[in-house]
Amino acid sequence: MDTQTTLPVSLSDVEAAADLLRGVIARTPVEHSRALGMVTGSDVHLKCENLQKAGSFKVRGAYVRMARLTAEERARGVVAASAGNHAQGVAVAADRLGIKARIYMPLGVALPKLTATKDHGAEVVLHGHNVDEALAEAKRYADATGAVLVHPFDNADIIAGQGTIGLELLEQLPDVDTVLMGVGGGGLLAGVAVAIKAKARELGRDITVIGVQAENAAAYPPSLAADALVPLEKVSTIADGIAVGRPGQLPFQIIRELVDDVVTVSEDALARALVFLLERSKLVVEPAGAVGVAALLEGKLAELGIESKRTAVILSGGNIDPLLMLKVIQRGLSVAGRYLTVRMMLDDRAGELATISRVIAESDANVTRVDHTRVGGSLSMGDVAITIDMETKGHLHSEQVLNNLRAEGFQPVVVHP
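Asks: It is not clear to me how the sheet that holds strand E13 (residues 383-391) should be interpreted in this structure. Could you clarify?
Replies: Strand order in the open sheet formed by four strands is E12-E13-E11-E14, and the pairing between neighbours is antiparallel. Only two strands of the sheet have a single neighbouring strand rather than two, namely strand E12 (366-373) and strand E14 (413-414). Pairing of strand E11 (residues 339-347) with E14, which is carried by two bridges, proceeds in the antiparallel orientation. Note that in E14 the partner of Val342 across the bridge is Val414. Helix-sheet contacts for helix H16 (residues 352-362) involve E11, E12 and E13, and the interaxial angle to E13 is about 20°.

Asks: Is there a simple way to think about the sheet that holds strand E5 (residues 123-126) in this case?
Replies: Remark on secondary structure: sheet strands pair via backbone hydrogen bonds, oriented parallel or antiparallel. Pairing is parallel across the open sheet formed by four strands, whose spatial order is E5-E4-E3-E6. Each edge of the sheet is formed by a strand with only one pairing partner; in this case those strands are E5 and strand E6 (148-149). Across two bridges, the pairing between strand E3 (residues 78-81) and E6 is parallel. Considered in E6, the bridge of Val79 is made with Leu149. Strands E3 and strand E4 (101-105) of the sheet are contacted by helix H5 (residues 85-97), whose axis makes an angle of about 175° with E4. On top of the sheet, helix H7 (residues 131-145) reaches E3, E4 and E6; it is set at about 165° to E3, its chief contact.

Asks: Even after reading the chapter, I still don't get the pattern of salt bridges, so can you show me in this structure?
Replies: Opposite charge on two side chains permits them to pair, given that their charged atoms come into close proximity. By the definition in use, this model includes 27 salt bridges. Note that Glu49 and Arg60 form a salt bridge whose closest N and O atoms lie 2.8 Å from each other. Separated by 11 residues along the polypeptide, Glu49 in the loop between strand E2 (43-48) and helix H3 (58-67) and Arg60 in helix H3 bring together distant segments of the chain. Looking at Glu49, the relative accessible area reads 0%, which means it is buried. A salt bridge links Glu137 to Arg140, with the shortest nitrogen-to-oxygen separation between them at 2.6 Å. Of this pair, Glu137 and Arg140 both sit in helix H7, three residues apart, which is roughly one turn of the helix. Classification of Arg140 as partly exposed rests on a relative accessible area of 47%. Ionic contacts of the salt-bridge type, sharing partners, join the residues Lys47, Glu49, Arg60 and Glu168 into one network.

Rules and cut-offs
- Residues numbered from 1 in each chain as written.
- Predicted model: local features only at pLDDT ≥ 70, side-chain atom pairs only at ≥ 80, totals over all residues.
- Heavy atoms only, no water.
- Pairing = 2+ DSSP bridges.
- Helix = DSSP H or I, 4+ residues; strand = E, 2+ residues; numbered from the N terminus.
- Contact = heavy atoms within 4.5 Å.
- Axes fitted to C-alpha atoms, helices over the stretch in contact; angles between N-to-C directions.
- Salt bridge = Lys/Arg side-chain N within 4 Å of Asp/Glu carboxyl O.
- Buried < 20%, exposed > 50% of the residue type's maximum accessible area, 1.4 Å probe, protein only.

Following this line, the structure appears as structure tokens:
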């Protein structure tokens, strides 16, 4: 029996969505990554949905969902909830289709995402402390007013729209054998899996599809293990675009049947991947969009026993708050051993700081910040607390700097960003 005929979204649904999107969205490029190839031993390519309209893949599904509304439904308007990418996708689609849009966003949402959503013409209401609370309020508004709820992932039209990325990717990279992408609620992964698995079967071959979640927001591994939706009690990750505590019902049905595996990556790996993409590929990608690269850098394919000759990673979005980017870059550099912060307790006497400066200089590290505190907190009379940020050249160099400080009698404690 053909599994896909029993699923809520088929290849024909994705192909119909592609027809609707023709001339509406950008056909995003696929960029070769020599740097990732050297790390992984595979020929790696990046599908750059971070360069899509509104900065992410979300406009695909949003437009397909809204373009199929009746005239009466369009007149009632639409409502959605999002921390950023889905909000902008809905706003862009609504503006193009002439539909009034109301978007609920959590309190504390990144200012650039809030501003961009408003700039696209949507009415924005701040509500709740996370996307789940904002979504609950959006549902209440839809029930009270008759506005059409545009769900971020749990809808067949949304899934079909996101799946058009898979069709594009196979046209641009027909001999790909492994595809990785981030997964939150599951709309992107489900849609792409439908398209790629069906097309691969038509070609008489198999293409491996891997989902990637942040380890502190990973609802899919336990749900797949239990063969039931298992909500998380807590979600905490810098990858806000995939910070979803409960899989979508429709995406889950597809993912458990078609997706080969879902792996997780650490917050440090996310930070490292974002810096890697900035430096080596010259691409600005948000943490949720970089999870596939993080998985490659952490050797997840090898852990799964997958030997991929040609690998593709979908960079799902590039909407990152500049303030978060600063923090993530610092964390990424620290993880790579290229940024070292140490704290030391000193005797309050002349020459101590000069000695530390000499040791660091002779170790060929570069000081970027010094915090010198003589009073307050747990400091005793005659003590000084000093915190130093410095640029280093890798883990071995960082350890050399620490050893040189210890050799002079200091006791440096590494402080992680």
